[in-house]
Amino acid sequence: MSCTEIIAEYGLRSLGFGERLLPRSDFTLCHQFTLIGSGLIWNIYFGVLALTFGFFLATGLALAKAADNPLIRKPAEWFIFVFRGSPLFIQFFLAYEALVMLPRAGVNIFGLTVQTSWVTSAWAGALFVLFLNTAAYSAEIFYGALRSVPKGDIEAADAYGLTGWHKFRRVLWPTMLRLAWPAYTNEAIFLFHATTLVFFSGFPAYQQRGDALYYAKFFADKTFNPFIPYPIAAFYFICITLALIGLFGVINRRLNRHLPQAHRPRLRIRPQIIR
Amino acid sequence: MFATCTDPSQLEGLSWLLCYLTSGKHMLFYGSFLVVLALMLITAPVALAFGFGGALAARSHITPLRWLGKGYTAMVRGVPDIVFFLFVPVALDQGLEYIRHLWKCPPTGQPVWANGEFNVCAAAKIPLSTSPQIWHEAYGFALAVVAFSVVFGAFAANVLYGAMNAVPRAQLETAEAYGMTHRQVSRRILIPQMWTYALPGLSNLWMILIKATPLLFLLGVEDIVYWARELGSTKSQIYAYPHPDWRVWYFLGLLCYYLAMTRVSEIVLSRLTAKLSRGQATMAGEAQRKMAGGAGA
């Protein structure tokens, strides 16, 4: 079987298209690259969606944590504490077991029966956990940045008569993002890394449709040779990391475009987050 | 454990719960918390040593050694840690068995990795298949410790490398002006001074280490996650203590355990940071000095 045929059969295997059975023997390099790459679709799916939704919740949470009213501040503080203080692995397990307990027949809301079986599948349940988790981590970053917005900027905004939404949209938010961006880039990278945990933590890989590391482990178990599949998975993740650094670097340049060249903060990658 | 627990089917309410929570399996569950603590307490110093070596290598004047150090510190940036947790134990196990294979087995002329199998003779297995179960478990745990140490060593190397660069350059130049050699400068000036700069990063690493311990489950060690799944799953009437699916409660317990661990560590570490920055020429030390001065005036 040529490599193009393998790609045609297994390229979208993780989504359920193409060949139904996974290869049983004669694992070529092409098989391993194709299937692990196919699994990468899930990592990108989880990472991109969790990051996109999480960004907005994180902004809200950061503002809530900075609020004076304890009724708003306390829940935000607790939310951030719970999700940052406990392992993501345990959060996945807990969420899965909690979602399984929902009634099988569906929940009756105002006479409409809402199906509940789909929430226990990885694409929904794990995405939800990742979304809340990254929101908590990013909120802490944004909160720190919000606290470091220069006093002069706020006074200038007041002097211009900006209040409420306009002040936030035009002064606080851009500065917050600018200050938080290097740390947020880090968060994004490690969120993508954390997506590899999904299929090892309770959420079943329906019909063996798993992520990159799921297939890497599949090959390592079948061939008893960890020296090929894991480096392939590592290679894919290095590519993702480099792409993220490039993308976030472009945004970083845009956020700092008003600053003189020498004062622009460069992105520095600090591996400080495992969940 | 208690005399009243001999026939659980006769018990009800609180006494049932008490007997249930002190059953033999639960004792193993509580014991696995000690396994987790042991992992953290062994890994932390070993990882620090790995990190120290890595950071020193990354600053070395010998080019290949510097590349090795830089490569080691860069390793964890692009690749998920879970890949290493899965890869290192298997790779290490096979590597050790391969070396023993070359040493102990009669030459067979066949390759060791072939046709989806890993073939070494019985004498090369670690531990030997005849050795008692406890050795198999100890070996598995040791592999887990090495995997954790390699990953956390790389994180620690990053932190220590940064801390070494943060020591004011003038300090090192002064030492050189006194005629100290490169090694003397490292030992007498650089290393004693870097710890205050390294402490925030290292305390962060400790929190990360706490939160990484449930990954032991992936390495096949019978840790708290294993027992929580095992004990919480539905127990039918043939068991001494039948109950429905209680896994969610067990995991809730684990979540609270981890929250408590991270919270306590946070408080202890912030006290330690305050203590270490006393009298230092850093922002934190300066703030402390002003506070003390303000209170006195």
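As shown above, the structure is provided for reference.
Report on the accompanying structure.

Criteria and cut-off values
Counting restarts for each chain, with residues numbered from 1 along the sequence as it is written. Chains carry letters from A onward and ligands carry numbers from 1 onward, assigned in written order. Owing to the predicted nature of the model, reporting of local features is limited to residues with pLDDT of at least 70; listing and counting of side-chain atom pairs is limited to 80 or more, with chain, interface and lining totals taken over all residues. Water and hydrogen atoms were dropped before computing side-chain values, which therefore reflect all heavy atoms in the structure. The way it works is that DSSP assigns letters per residue, a run of H or I at least four long becomes a helix, a run of E at least two long becomes a strand, and they are numbered from the N terminus. Between the two quantities, the radius of gyration covers C-alpha atoms and the globule rule is 2.2 Å times the number of residues to the power 0.38. Buried, partly exposed and exposed residues are distinguished by accessible area as a fraction of the type maximum, computed with a 1.4 Å probe on protein chains only: under 20%, between the cut-offs, and over 50%, respectively. Contacts were defined at the residue level, with two residues in contact if any of their heavy atoms lie within 4.5 Å. The charge count treats Lys and Arg as positive and Asp and Glu as negative. His and the chain ends do not count. Charge placement uses NZ in Lys and CZ in Arg. For Asp and Glu, CG and CD serve respectively. Stacked, tilted and edge-to-face pairs are distinguished by plane angle, under 30 degrees for stacked and over 60 for edge-to-face with tilted covering the rest, among Phe, Tyr and Trp rings (Trp via its six-membered ring) whose centres lie within 6.5 Å. In our convention, an over-ring charge means Lys NZ or Arg CZ found within 6 Å of a ring centre and within 35 degrees of that ring's normal. When two cysteine sulfur atoms lie within 2.5 Å, the pair is treated as a disulfide. Buried area: the accessible area, evaluated with a 1.4 Å probe, that two parts lose upon being put together, summed over both parts. The term salt bridge refers to a side-chain nitrogen of Lys or Arg lying within 4 Å of a carboxyl oxygen of Asp or Glu. Here a polar contact is taken to be a pair of N or O atoms separated by no more than 3.5 Å, where protein atoms must pair a possible hydrogen donor with a possible acceptor and residues adjacent in sequence count only if both atoms sit in side chains. Only the stretch in contact is used when fitting a helix axis, every axis being a line fitted to C-alpha atoms; angles between N-to-C directions are given from 0 to 180 degrees. Left-handed describes a crossing whose near helix is turned anticlockwise from the far helix through less than a right angle; right-handed describes the clockwise counterpart. Charged residues are taken to be Asp, Glu, Lys and Arg, nonpolar residues to be Ala, Val, Leu, Ile, Met, Phe, Trp, Tyr, Cys and Pro, and polar residues to be all remaining types, Gly included. To estimate the expected span of a helix, subtract one from its residue number and multiply by 1.5 Å. An angle below 35 degrees is read as roughly parallel, one above 145 as roughly antiparallel, one from 65 to 115 as roughly perpendicular, and any other as oblique. It is the directions from the helix axis to the C-beta atoms that the arc portrays. Residues belong to a common nonpolar core when they are buried Ala, Val, Leu, Ile, Met, Phe, Trp, Tyr or Cys residues joined through side-chain atoms within 4.5 Å. Residues forming no salt bridge and having over 30% relative accessible area are the ones grouped into patches, like charges within 9 Å of each other and nonpolar side chains (Val, Leu, Ile, Met, Phe, Trp, Tyr) within 5 Å. Residue exposure ignores everything except the shown protein chains as possible cover, and the areas themselves are Shrake-Rupley values with a 1.4 Å probe.

## A look at the overall build of chain B
Next, step 1: Within chain B, the regular secondary structure consists of 10 helices and two strands.
Next, step 2: Of the regular secondary structure in chain B, the N- to C-terminal order runs α-α-α-α-β-β-α-α-α-α-α-α.
Next, step 3: For 297 residues, the compact-globule estimate of 2.2 N^0.38 gives 19 Å, and chain B exceeds it by more than 25% at 26 Å.
Next, step 4: With respect to the principal axes defined by its C-alpha atoms, chain B has extents near 80 × 75 × 30 Å.
Next, step 5: Counting only residues that meet the buried cut, chain B has 41% of its 297 residues in that class.
Next, step 6: Taking all contacts inside chain B whose residues are at least 6 apart in sequence as the whole, residues at least 24 apart take part in 67%.
Next, step 7: Positive and negative side-chain charges in chain B, numbering 22 and 15 respectively, have mean positions lying 15 Å apart.

## Brief notes about the packing of aromatic side chains
All names here are of chain A.
Next, step 1: A full pass over the atoms with the stated rule returns 48 aromatic pairs over all chains.
Next, step 2: Taken together, a centroid distance of 5.7 Å and an interplanar angle of 85° make the contact between F55 and F142 edge-to-face. Of the two residues, F55 is situated in helix α2 (residues 29-65) and F142 in helix α5 (residues 122-147); the sequence distance between them amounts to 87 residues.
Next, step 3: Between F92 and F203, the ring centres sit 6.0 Å apart and the planes meet at 90°, which makes this aromatic pair edge-to-face. Of this pair, F92 sits in helix α4 (residues 88-100) while F203 sits in the loop between α7 (164-194) and α8 (212-223), and the two are 111 residues apart along the sequence. Side by side, F92 and F203 carry an identical accessibility label, which is buried.
Next, step 4: The ring of Y143 has K65 sitting right over it, with the charged end atom 4.6 Å from the ring centre.

## Some details on the state of the cysteines
Residues and elements named next belong to chain A.
Next, step 1: Inspection of the entire model under this criterion finds one disulfide over all chains.
Next, step 2: For C3, the disulfide goes to C30, at an S-S distance of 2.0 Å. When the S-S torsion is 90°, as for the bridge of C3 with C30, the disulfide is right-handed. Of this pair, C3 sits in helix α1 (residues 3-10) while C30 sits in helix α2, and the two are 27 residues apart along the sequence.
Next, step 3: Residue class for C30 comes out buried when judged on its relative accessible area of 14%.
Next, step 4: With no disulfide of its own, C239 has C3 as its nearest cysteine by sulfur position, at a separation of 16 Å.

## Looking at the interface of chain A and chain B
Next, step 1: Between chain A and chain B, the residue contacts involve 41 residues of the former and 40 residues of the latter.
Next, step 2: When chain A packs against chain B, the two sides together hide about 3,700 Å² of surface, and 77% of this comes from carbon and sulfur.
Next, step 3: Residue E97 of chain A pairs with R247 of chain B through a salt bridge whose shortest N-O separation is 3.4 Å.
Next, step 4: For the pair chain A and chain B, the number of links is seven residue pairs in polar contact (both at pLDDT 80 or more).
Next, step 5: Every element with two or more residues in the side of chain A that touches chain B is listed here: α3 (70-85), α4, α7, α8 and α9 (229-255) of chain A.
Next, step 6: Looking at which element gives the most residues to the side of chain A that touches chain B, the answer is α4 of chain A, with seven residues.

## Some points on the environment of F155 of chain B
Next, step 1: Mapped onto the fold, F155 of chain B is located in helix α5 (residues 133-166).
Next, step 2: Taking the C-alpha atoms as reference, F155 of chain B lies 23 Å from A274 of chain B; in sequence the two are 119 residues apart.

## Things to note about the packing of α2 of chain A against α7 of chain A
For any two helices packed against each other, one specifies the crossing angle of their axes together with the interaxial distance.
All names here are of chain A.
Next, step 1: Relative orientation of the contacting elements α2 and α7 amounts to 145°, with a least axis distance of 11 Å. The two elements α2 and α7 meet at a crossing, and its hand is right-handed. Residues N43, I44, G47, V48, A50, L51, F55, T59 and L63 of α2 pack against F168, W173, M176, L177, Y184, A188, L191 and F192 of α7.
Next, step 2: Partitioning the contact of α2 with α7 into residue classes produces 14 nonpolar, three polar and no charged.

## Here's the deal with unusual backbone geometry
Residue and element names in this part refer to chain A.
Next, step 1: Backbone geometry at Q207 places phi at a positive 50°, although glycine is not the residue there.
Next, step 2: In this fold, Q207 is placed in the loop between α7 and α8.
Next, step 3: Using a relative accessible area of 35% as the deciding quantity, one classes Q207 as partly exposed.

## Examining α3 of chain A
Next, step 1: For α3 of chain A, spanning 16 residues, the distance from its first C-alpha to its last is 21 Å, which sits close to the expected 22 Å at 1.5 Å a residue.
Next, step 2: For α3 of chain A, the set of buried residues is A76, I80, F83 and G85 of chain A.
Next, step 3: On its buried side, α3 of chain A packs onto α2, α4 and α5 of chain A together with α7 (182-212) and α9 (247-276) of chain B.
Next, step 4: At the N-terminal end of α3 of chain A, a side-chain oxygen is found 3.0 Å from the backbone nitrogen of L71 of chain A, two or three residues along, and the residue is N69 of chain A.

## Some remarks on the packing of α2 of chain A against α8 of chain A
All names here are of chain A.
Next, step 1: Relative orientation of the contacting elements α2 and α8 amounts to 150°, with a least axis distance of 6 Å. By the angle between their directions, the pair α2 and α8 is classed as roughly antiparallel. Contact with α2, carried on its side by H31, Q32, L35, I36, G39, L40 and N43, involves A212, Y215, A216, F219 and T223 of α8 and no other residues of that element.
Next, step 2: Grouping the amino acids of the contact of α2 with α8 by side-chain chemistry returns seven nonpolar, five polar and no charged.

## Here we look at helix α1 (residues 13-21) of chain B
Residue and element names in this part refer to chain B.
Next, step 1: Within α1, the full set of buried residues consists of W16, C19 and Y20. One side of α1 carries all its buried residues, which in axial view fall inside an arc of 105°.
Next, step 2: Where the residues of α1 are buried, they touch α2 (24-58), α8 (224-232) and α9.

## Re the nonpolar core
Next, step 1: The biggest cluster of nonpolar side chains holds 143 residues, and the ones touching the most others in it are F142 of chain A together with F148 and F152 of chain B.
Next, step 2: Ranked by the residues each element gives to this core, the list is headed by α5 of chain B, at 16 residues.
Next, step 3: C105, V112, V120 and A124 of chain B belong to the second largest nonpolar core, which has five residues in total.

## Describing a nonpolar patch on the surface
Next, step 1: A surface patch of nonpolar side chains, about 720 Å² in accessible area, is lined by L29, F33, F227, I228 and F235 of chain A together with Y98, L102 and W113 of chain B.
Next, step 2: Those elements that provide at least two residues to the nonpolar patch are α2 of chain A together with α4 (81-104) of chain B.
Next, step 3: With respect to the element layout, F33 of chain A can be found in helix α2.

## Describing the pattern of salt bridges
Residue and element names in this part refer to chain B.
Next, step 1: Taken as a whole and assessed by the stated rule, the structure comprises nine salt bridges over all chains.
Next, step 2: One salt bridge in this structure joins E266 and R263, with 2.5 Å as the shortest N-O distance. Here the residue E266 and the residue R263 both occupy positions in helix α9, the gap between them amounting to three residues, near one helical turn.
Next, step 3: Given the relative accessible area of 38%, E266 is considered partly exposed.
Next, step 4: Residue class for R263 comes out partly exposed when judged on its relative accessible area of 39%.

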